[in-house]
Amino acid sequence: MDKFTVLSAVAAALPEANIDTDKIIPARFLKTTQRTGLGKHAFDSMRYLAEGSENPDFVLNQQPWRQAEILVTYDNLGCGSSREHAPWALLDFGIRCVIAPSFADIFFNNCFKNGILPIRLPRDICDALMGDAAMGSNARLTVDLPRQVVIRPDGQEVPFEIDPFRKHMLLEGLDDIGQTLQHEGEITVFEQTVAGERPWMPKISFE
Amino acid sequence: MAPRTLFDKIWDHHVVETLPDGTSILYIDRHLLHEVTSPQAFEGLRLAGRKLRHPEMTVAVVDHNVPTSDRTQPIEEPESRNQIETLERNVKEFGVPYIPLLSANQGIVHVVGPEQGISLPGMTIVCGDSHTSTHGAMGALAFGIGTSEVEHVMATQTILQRPAKNMRVTVEGTLGAGVSAKDVMLAIIGHIGTAGGTGHVIEFAGSAIRGLDMAGRMTICNMSIEAGARAGLVAPDDVTFDYVRGRPFAPKGEDFDKAVAYWRTLSSDDGAHFDTEVTLRAEDIAPSLTWGTSPETVLPITATVPDPAQESDEAKRVQMQRMLDYMGLDAGQKIAGTPVDVVFIGSCTNSRIEDLRAAANVAAGRKVADGVRAMIVPGSGLVKRQAEEEGLDKIFLDAGFEWREAGCSMCLGMNPDRLTPGQRCASTSNRNFEGRQGPGGRTHLLSPAMAAAAAVTGCLTDVRELA
Ligand code: SF4
């Protein structure tokens, strides 16, 4: 997983509440064998018109927001089905940080698991950030995770809260696997001990 | 040391470390892979530049999506073909031992594991499939995991877990004629309900369980998950050791003796604490089946379909009525005599040689009833071959059954074997959810002998009447 430290990027505003995971990635795209590649289907129903062409009115189809790495929305982002495909789709599109007044629980957790930083900020601040986002590439937002602040284009700093353990995981780019691998020494010792106790444990090979 | 349960012992033997929040890093001895839940895990490894920590503790097999008819033709459904081809690429790239579609050893992952001696007593075994509980019959701690956990096991050979609660289900006595392990398990699930085992690992004990062969014990442990449990267990004994001896990946010679000496220590100590205890009498169990769309809707074949009007709980009443409507049954009707369209004998619950023998016993000298489609799907290529050596295929074919190739088949409607809307199926599988065997399909779960009885009479039938 990529580390998350300081992100300076274009932000896109989606001024809607209750954007559910089905909107983020519709069920019909779940038969894939991959985690990557879902970005082109992210927000499918909003992003494409009925006949399949891009909806020119949708923000992520416009410059410079095609390059957006930060998303700002209203309440309850990521509600609905628990599919991990939702953060997979956002990440594949290029989103590394989502900001909203509130999030659905499972989606919130799934973001961390996939290296996306979800930030809870009050609605009036989200409104202000959406105003900044509308200015496009002239008004990049900076998310400074070590200092726990969002820096607006005018230099104003907005502090945010984050669980210290999760902050550590993001800063180090650790997923559950990364975390467990920090105990690799113990795993190796365990393997050596058990190999001694159970010398009969067969290896599998069809060679 | 305080007396411990079988679960406690296997657990204690596999804890690498317990973290401050109470989660343990649990070591995994066997990781079984199949084509549906592994692709994103392999991809995750690739993206992170990681390898499998222990490919030689891992085995992959294709089962869920494979057709069970002619296998020499390319697989028709593009998504199934893609998942299978993806697995084949992945096992090559990561060096995972693999049993390909055309191998005689291919079969349902939960049939193949014990059959090959890959699953052994005392092990921890995981697979991205909920019916991994099957391997608990070996006296192993075996449970299903999600795709992120599959990747975690690939990379670390461990899983993050909290200990489960201990439950013991004891069945004492002697099973009556026509009563099999499937009937016992249906009776248990009917008794404790589909949430009865939640948060627990169930140890199955008592003389009736001890008296079962390994296939029967696997049937019981297989459906632990239908009782809500994380896993099922049967303590290993001489039946287990005789089964294991000589299997391809079982320890050999002196190693085998050492292993058995260790395996003999794997039983619950006298006085070990169980959070929940349930006891059933074997004599009370009749040939059984489900009438509804939840595995706990169990009836003896002699009973009538329950009447929602008798149910005082409003929510349950509504749910019962919905089940009756879906299943096309009337309250109060006798369940025996209900005509069936399809009979499916197979799945990781009941597709082993013992299951096929039980079905053949009923089918011998009889004919599949007019208008009934009856299929036999052996659990593995080896089961199929063994059945053919015993002449079971001839019995089935003469009676008018289809004799198919190994795979999950009609257990889940993910491959070409599916029910059509409204079809009623007597099935030896493990789930009767709406649409599980195909959209609109109606499933009655029952034993192989009961399924064969339904095939030859054309309706749900008390197998004891065909004796
Ligand atoms: S036979 Fe059915 S329950 Fe068993 S592994 Fe296959 S799909 Fe799952």
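Residues numbered from 1 in each chain as written. Chains lettered and ligands numbered in written order. Predicted model: local features only at pLDDT ≥ 70, side-chain atom pairs only at ≥ 80, totals over all residues. Heavy atoms only, no water.

- As named in an unreviewed UniProt entry, chain B is 3-isopropylmalate dehydratase large subunit, taken from Acetobacter indonesiensis.
- According to the UniProt record, the Function (unreviewed entry) comment for chain B is "Catalyzes the isomerization between 2-isopropylmalate and 3-isopropylmalate, via the formation of 2-isopropylmaleate."
- Per UniProt, the comment on chain B under Pathway (unreviewed entry) is "Amino-acid biosynthesis; L-leucine biosynthesis; L-leucine from 3-methyl-2-oxobutanoate: step 2/4." (UniProt positions renumbered as here; feature names shortened; annotations may be inferred.)

- If you look chain A up in an unreviewed UniProt entry, it shows as 3-isopropylmalate dehydratase small subunit from Acetobacter indonesiensis.
- Reading the Pathway (unreviewed entry) entry of the UniProt record for chain A gives the comment "Amino-acid biosynthesis; L-leucine biosynthesis; L-leucine from 3-methyl-2-oxobutanoate: step 2/4."
- As stated in UniProt under Sequence similarities (unreviewed entry), the record for chain A gives "Belongs to the LeuD family. LeuD type 1 subfamily."

## Considerations on the side chain of B:Q116
All names here are of chain B.
Step number 1: Tracing the chain through its elements places Q116 in the loop between α4 (109–115) and β6 (124–127).
Step number 2: Classification of Q116 as buried rests on a relative accessible area of 2%.
Step number 3: Here Q116 is in contact with N105, R247, P248, F249, A250 and L382, once residues within four sequence places are set aside. (Helix = DSSP H or I, 4+ residues; strand = E, 2+ residues; numbered from the N terminus. Buried < 20%, exposed > 50% of the residue type's maximum accessible area, 1.4 Å probe, protein only. Contact = heavy atoms within 4.5 Å.)

## Overview of the site of the ligand
Residue and element names in this part refer to chain B.
Step number 1: If you check the shell around the ligand, you find H64, I108, H110, D129, H131, S347, C348, C408, C411, L412, N430 and R436 and nothing else.
Step number 2: By residue class, the composition of the shell around the ligand is five nonpolar, five polar and two charged.
Step number 3: Both of domain 1 (1–284) and domain 2 (288–466) provide at least three residues apiece to the shell around the ligand. (Near = heavy atom within 4 Å. Nonpolar A, V, L, I, M, F, W, Y, C, P; charged D, E, K, R; others polar. Domains from an automatic or database assignment.)

## Some points on the side chain of B:T338
Step number 1: One can find B:T338 in the loop between α11 (314–327) and β15 (342–345).
Step number 2: Contact partners of B:T338, with chain neighbours within four places excluded, come to B:L329, B:Q333, B:R424, B:G458, B:C459 and B:L460.

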